[in-house]
Amino acid sequence: MAVTVVKLFIRNSRPLLVRSTVCVSHKKLLATKKLQTVGKLETPKLHGKYITGQLFLHRVFGYRGILLFPWLARLYDRDIAGNKPDRPLETESEHIHATNKEVKGKSHVYYQVLIDSRDCPFIRAQTESVTFLGNQENNRSLYAIPGLDYVAHEDVLPYSTTEKQPLQHELFDKFLENNPGQDPPFTPKDTLRAWQEKNHPWLELSDVHKETTEDIRVTVIPFYMGARVSQESSVYWWRYCIRLENLGDETVQLRERHWRIFSLSGTLETVRGRGVVGQEPILSKEQPAFQYSSHVSLQAPSGHMWGTFRMERSDGFTFDCRIPPFTLESKSDDQSSPHGFFG
């Protein structure tokens, strides 16, 4: 097992970021550390946005990354005073059509980022969070873009470095160029602007949903992926990214998932199963977060999803953690296909 740790040192009154990769043997707790200087920590922005080319460390997952461009999302946070509806879990079905009508959304900045490929094996998150349908009508495959993520403004820990290429990613040189006189010194190429414009429907982050139960915060971000439309049938696809974060002191483990999926066609489907994406992640103070992506298809252009995760504490006590309801909306007026650098 390998664990990546981020440490902050002070040298000559200036903060220095150092990463430590710790390799732990299964049979003995003998650890080998390898320290690597990353750069100098900068003061996080409390106001305003970061710009393209800003290097950062992820506040929760610790990976190195670089910002490509921002998204202005609508955040529906059920934990904010006045937003949290008082409803028992068993009556959730009454809220199929309400979804977020009882929750006030607010604008929130997220960023499209590249993840350093050297850090991907050590992240407790899927590093292929962006997927799309194949271009051909008879091709029903789902393709993934490795090392592309969405990061909230507050999760960005900015830093600077003197390295000419501080990040390893196959799209780094295609999208960015080094301009030492600029701050940050990595500026966008025309290829990045063209790629963003052409793939806007498949990349766009519009809604984010959050809810906390028993100190376990669940964040959901849905994305429309496109449709397979024929004379015989129509199938619409979405992906959804889910992050679980333990805000408390007690260790918990995700044991089961329970989904309710409502389609505009009038169908209501129930899905139960062990864990998520083949795992039953443990959320502790040392490793408080886990993030994954999955997909859903409907035979209607819109619908809703909601549900619960069954969590278990170390003493055996179990409880259901709410997954906030979210809407699945298609973009029927845009039937273009993804372009460029996906292969």
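Just above, that's the structure.
In this text, all values refer to a predicted model and were calculated from it rather than measured experimentally. (Residues numbered from 1 in each chain as written. Predicted model: local features only at pLDDT ≥ 70, side-chain atom pairs only at ≥ 80, totals over all residues. Heavy atoms only, no water.)

A. Representation of the nonpolar core. Among the nonpolar cores identified, the biggest contains 30 residues, and Ile-66, Leu-68, Trp-195 and Leu-205 are the most heavily contacted of them. Contributing elements (two or more residues each) for this core: β4 (55–58), β5 (64–77), β6 (105–115), β9 (148–152), α1 (172–175), α2 (190–198) and β14 (216–229). Among the elements that take part in this core, β5 stands out by supplying six residues, more than any other. Of all hydrophobic cores here, the second largest spans 28 residues; its members include Val-218, Tyr-292, Leu-298 and Phe-319. (Core = buried A, V, L, I, M, F, W, Y, C linked by side-chain atoms within 4.5 Å. Buried < 20%, exposed > 50% of the residue type's maximum accessible area, 1.4 Å probe, protein only. Helix = DSSP H or I, 4+ residues; strand = E, 2+ residues; numbered from the N terminus.)

B. Fine view of the pattern of salt bridges. This model, assessed by the stated rule, comprises 20 salt bridges. Residue Arg-243 pairs with Asp-155 through a salt bridge whose shortest N-O separation is 2.9 Å. With Arg-243 in strand β15 (residues 234–246) and Asp-155 in the loop between β9 and β10 (156–160), this pair connects stretches of sequence that are 88 residues apart. Residue class for Arg-243 comes out buried when judged on its relative accessible area of 12%. (Salt bridge = Lys/Arg side-chain N within 4 Å of Asp/Glu carboxyl O.)

C. Spatial organisation of unusual backbone geometry. For the peptide bond that leads from Asp-183 to Pro-184, omega is 0°, which places it in the cis range. Although it is not a glycine, Asp-215 sits at a positive phi angle of roughly 70°. Residue placement: Asp-215 occurs in the loop between β13 (207–213) and β14. A residue is classified by how much of its surface remains accessible, and Asp-215, at 44% relative accessible area, is partly exposed. The backbone of Val-277 sits at a positive phi, close to 40°, despite the residue not being glycine. With relative accessibility at 38%, the residue Val-277 sits in the partly exposed group.

D. Geometry of the pairing of strand β16 (residues 252–263). Pairing between β16 and strand β18 (residues 282–283): two bridges, direction antiparallel. The partner of Gln-253 across the bridge, within β18, is Ile-282. Here β16 runs beside strand β20 (residues 302–313); their pairing, made up of eleven bridges, is antiparallel. In the sheet register, Val-252 faces β20, and the bridge partner there is Arg-313. In this antiparallel pair of consecutive strands, β16 and strand β17 (residues 268–274), the connection spans four residues, and Gly-266 shows a positive phi of 105°. (Pairing = 2+ DSSP bridges.)

Everything listed here is a matter of coordinates, which is why it stays silent on function.
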